[in-house]
Amino acid sequence: GQQVMQIPQYQHVQEGEDFTTYCNSSTTLSNIQWYKQRPGGHPVFLIQLVKSGEVKKQKRLTFQFGEAKKNSSLHITATQTTDVGTYFCAGKQGGSEKLVFGKGTKLTVNP
Amino acid sequence: SAVISQKPSRDICQRGTSLTIQCQVDSQVTMMFWYRQQPGQSLTLIATANQGSEATYESGFVIDKFPISRPNLTFSTLTVSNMSPEDSSIYLCSVETPLEQYFGPGTRLTVT
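Residues numbered from 1 in each chain as written. Chains lettered and ligands numbered in written order. Predicted model: local features only at pLDDT ≥ 70, side-chain atom pairs only at ≥ 80, totals over all residues. Heavy atoms only, no water.

## Some remarks on the interface of chain B and chain A
In this assembly, 15 residues from chain B lie in contact with 14 residues from chain A. Summing the contributions of chain B and of chain A, the shared interface buries around 1,300 Å²; its carbon and sulfur component is 54%. Applying the counting criterion to the chain B and chain A interface returns two salt bridges. Note that Glu96(B) and Lys92(A) form a salt bridge whose closest N and O atoms lie 2.6 Å from each other. Our count for the chain B to chain A interface comes out at four residue pairs in polar contact (both at pLDDT 80 or more). Among the secondary structure elements, those contributing two or more residues to the side of chain B that touches chain A are β4 (31–37), β5 (43–50), β9 (89–96) and β10 (101–103) of chain B. Residues of the side of chain B that touches chain A, tallied by class, amount to seven nonpolar, five polar and three charged. (Contact = heavy atoms within 4.5 Å. Buried area = accessible area lost by both parts, 1.4 Å probe. Salt bridge = Lys/Arg side-chain N within 4 Å of Asp/Glu carboxyl O. Polar contact = N/O pair within 3.5 Å; in protein donor to acceptor, adjacent residues only side chain to side chain. Helix = DSSP H or I, 4+ residues; strand = E, 2+ residues; numbered from the N terminus. Nonpolar A, V, L, I, M, F, W, Y, C, P; charged D, E, K, R; others polar.)

Shown next as structure tokens:
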């Protein structure tokens, strides 16, 4: 079936350290979306990448979409305790309108 | 943007009963989506609901178990029928705009 693999599953960092989560699809994605879910909350949209090789930045967050449109990454520079949560990638594979979610990376930040 | 509300926010139900979850959006949208998120897990799409047509269900989900209504462009319901403990989960509705996808706050269901 359609799958989007995401690693790592968990990441513990000290405040100030950087953090990266990676997503990989076996098939080409028409787009990739990133979401953040705080503990007890619902997923909140962060960004959508559409173009091959696209890089977008939101303050300390950098999002990349691979040249082959099969992989993506989210990098957080100098993590803060407010970054705690689970980060999900989600992509649309082929011509499907169905959004397939990765399993998420749970980030904890030690102050 | 879109603001989504869901009712109830949580419920504890006995096995064998049914629960209907309501989803209200503050703007008209063509497609509404229903997801399930089991504790500590990712999101799984249950079905896509278009106004005026039958919902489209994903593999592993059937209409008899999860009937969906979509009476207008701002509202949808998902019923979890004949519940078992395995149905304990968070159920989220979602809508898609050209720029982004929005999720409701979710309904936390516990089946005992």
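Picking up where we left off.
## Brief notes about the side chain of Ser81(B)
Residues and elements named next belong to chain B. Of note, serine 81 is situated in the loop between β8 (75–80) and β9. A relative accessible area of 13% places serine 81 in the buried class. With residues up to four places along the chain from it excluded, the contact list for serine 81 reads Thr17, Ser18, Asp64, Lys65 and Pro67. (Buried < 20%, exposed > 50% of the residue type's maximum accessible area, 1.4 Å probe, protein only.)

## Some words on the packing of aromatic side chains
All names here are of chain A. Applying the stated criterion across every chain, the model contains ten aromatic pairs over all chains. Pairing tyrosine 35 with phenylalanine 101 gives two aromatic rings, centres 5.5 Å apart and planes at 40 degrees, and the pair type is tilted. Of the two residues, tyrosine 35 sits in strand β4 (residues 29–37) while phenylalanine 101 sits in strand β10 (residues 99–101), which places them 66 residues apart along the sequence. A relative accessible area of 8% means that phenylalanine 101 is categorised as buried. (Phe/Tyr/Trp six-rings, centres within 6.5 Å; stacked < 30°, edge-to-face > 60°.)

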